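Architecture and fold: a report
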Amino acid sequence: MHTIEVVNGILVRRLGLDAGKKLLCLHGFADSGLAFLPLSETVLPGCFELVLVDLPGFGASPSIPGFGLVRDHARLVPGLAAALAPDEPVGLIGHSIGSAIAVNAADLLSPAPLGVFSIEGNLTEDDAYFSGKAADWEDGEAFKAAFLEEIWEMAAENVDLRRYYGGVVMAGAAAMWTLGRDAKRISAGNRVGQAYQALKVPSLYYWCEATTPPGTRQYTEEYSIRNRRYPAASHWPMIADPQATARAVVEFFNRLAG
């Protein structure tokens, strides 16, 4: 099964077992649910149903006026879960700042989620290296223009960023600016990491040496955060190595789905 729907005003792509446990996939900064689409060609859709979410203001989902903080996005997740899996626990997969959204949403879901699979999610101040650039700007349009120019230049030698550039083009300027500034704010003092540690459900931090900041690597060691390394030298392992990523996701959630 592969369908595209609008649920509570949010575009979602649904892949895999209609009767399987739902895994809600929350994308990173200025990206979209398409970042998870390569997982459709792995074992994962044969084990679970993937729900690839375009958060408001990103991908094909329209912006919502006066909306855009991490906690705002998190508050939409229970409504999505209730519409897609009534009275059933869902799993949460978050990439980058999408992980912080997943962590915030975990406390709001009833029933509680199966767990949180964090793909290089924000834990420390160092992790807001892209999103946090918004804090240097007082205008969303100016920030988006400058960010696009920077990504375009970096993409000349980085295939990951060529795809990402397309996502940034689609993103709403105000949505980017609001979420980026909030990411910077909540990362101060590593508060995002503290929230991750306080999760009441199982979690796994999925990361690699090449793209995880040294401070974040040290943080996972210092606080014994359950983690698993992946070999692909990419911030987007679900694109660079979808097969390995799918196996890690299946292994994590199979233990929890019962």
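Note: the structure precedes this text.
Residues numbered from 1 in each chain as written. Predicted model: local features only at pLDDT ≥ 70, side-chain atom pairs only at ≥ 80, totals over all residues. Heavy atoms only, no water.

Moving on: the overall build of the chain. Secondary structure summary: the chain contains nine helices and eight strands in total. For 258 residues, the compact-globule formula gives about 18 Å, and the C-alpha radius of gyration of the chain, at 17 Å, lands near that figure. By its C-alpha atoms, the chain is 45 × 40 × 35 Å across when sized along the principal axes. When the accessible surface of the chain is split by element, carbon and sulfur atoms take 52% of a total near 10,700 Å². Of note, the chain has its 21 positive side-chain charges centred 5 Å away from the centre of its 29 negative side-chain charges. (Helix = DSSP H or I, 4+ residues; strand = E, 2+ residues; numbered from the N terminus. Rg over C-alpha atoms; globule rule 2.2 N^0.38 Å. Areas by Shrake-Rupley, 256 points an atom, 1.4 Å probe, with all protein chains shown as cover. Lys, Arg positive; Asp, Glu negative; His and termini not counted. Charge placed at Lys NZ, Arg CZ, Asp CG, Glu CD.)

Further remarks concern the packing of helix α3 (residues 140–155) against helix α4 (residues 159–170). In helix packing, the relevant descriptors are the interaxial angle and the interaxial distance, both defined with respect to the helix axes. Look at α3 against α4: their axes get within 9 Å of each other, and the N-to-C directions meet at 165 degrees. By the criterion of interaxial angle, the relationship of α3 to α4 is roughly antiparallel. In the packing of α3 onto α4, the handedness of the crossing is left-handed. Contact residues: Lys144, Phe147, Leu148, Ile151, Trp152, Met154 and Ala155 in α3; Leu161, Arg162, Tyr164, Tyr165, Val168, Val169 and Met170 in α4. (Axes fitted to C-alpha atoms, helices over the stretch in contact; angles between N-to-C directions. Parallel < 35°, antiparallel > 145°, perpendicular 65-115°, else oblique. Left-handed = near helix turned anticlockwise from the far one by under 90°. Contact = heavy atoms within 4.5 Å.)

Enumeration according to the criterion identifies 16 aromatic pairs in this entry. Centroid distance phenylalanine 130 to tyrosine 164: 6.0 Å. Interplanar angle 5 degrees. Geometry classified as stacked. Here phenylalanine 130 is found in the loop between β6 (116–119) and α3, whereas its partner tyrosine 164 is found in helix α4, with 34 residues between them in sequence. A residue is classified by how much of its surface remains accessible, and tyrosine 164, at 2% relative accessible area, is buried. On the numbers, 6.3 Å between centres and 90 degrees between planes, the contact of phenylalanine 147 with tyrosine 164 is edge-to-face. Of the two residues, phenylalanine 147 is situated in helix α3 and tyrosine 164 in helix α4; the sequence distance between them amounts to 17 residues. For phenylalanine 147, a relative accessible area of 2% gives the class buried. (Phe/Tyr/Trp six-rings, centres within 6.5 Å; stacked < 30°, edge-to-face > 60°. Buried < 20%, exposed > 50% of the residue type's maximum accessible area, 1.4 Å probe, protein only.)

The end-to-end C-alpha separation of helix α5 (residues 173–187) is 21 Å, in line with the 21 Å expected for 15 residues at 1.5 Å each. Residues of α5 that are buried: Ala173, Ala175, Met176, Leu179, Gly180, Asp182, Ala183, Ile186 and Ser187. Looking at the buried positions of α5, the neighbouring elements they touch are α1 (70–84), α2 (97–106), α3, α4 and α6 (191–197). Within two residues after α5, glycine 189 carries a phi angle of roughly 65 degrees, on the positive side. (Expected span 1.5 Å × (residues − 1).)

This paragraph deals with the environment of alanine 135. Along the polypeptide, alanine 135 turns up in the loop between β6 and α3. For the pair formed by alanine 135 and serine 61, sequence separation is 74 residues and the distance between their alpha carbons is 24 Å. Ignoring any residue separated from it by four or fewer positions in sequence, one finds alanine 135 in contact with Arg181 and Lys184.

Let us look at the pairing of strand β7 (residues 203–207). With five of five residues buried, β7 is to be regarded as a mostly interior element. Burial of the side chains of β7 extends over both faces: Ser203, Tyr205 and Trp207 are buried on one face and Leu204 and Tyr206 on the other. Here four bridges tie β6 to β7, and the two strands are oriented parallel to one another. Across the sheet, phenylalanine 117 pairs through a bridge with leucine 204, a residue of β7. Handedness of the crossover joining β7 and strand β8 (residues 227–229) through helix α7 (residues 214–222): right-handed. (Pairing = 2+ DSSP bridges. Right-handed = clockwise from strand over helix to strand, strands pointing away.)

Turning next to the side chain of arginine 14. Relative to the assigned elements, arginine 14 resides in strand β2 (residues 10–16). Residue classification places arginine 14 among the buried residues on the basis of a relative accessible area of 11%. Within polar-contact distance, the side chain of arginine 14 engages the side chain of glutamate 5 at 3.1 Å. Look past the residues within four positions of arginine 14 in its chain and what remains in contact with it is Met1, His2, Thr3, Glu5, Lys22, Glu49, Leu50 and Leu84. (Polar contact = N/O pair within 3.5 Å; in protein donor to acceptor, adjacent residues only side chain to side chain.)

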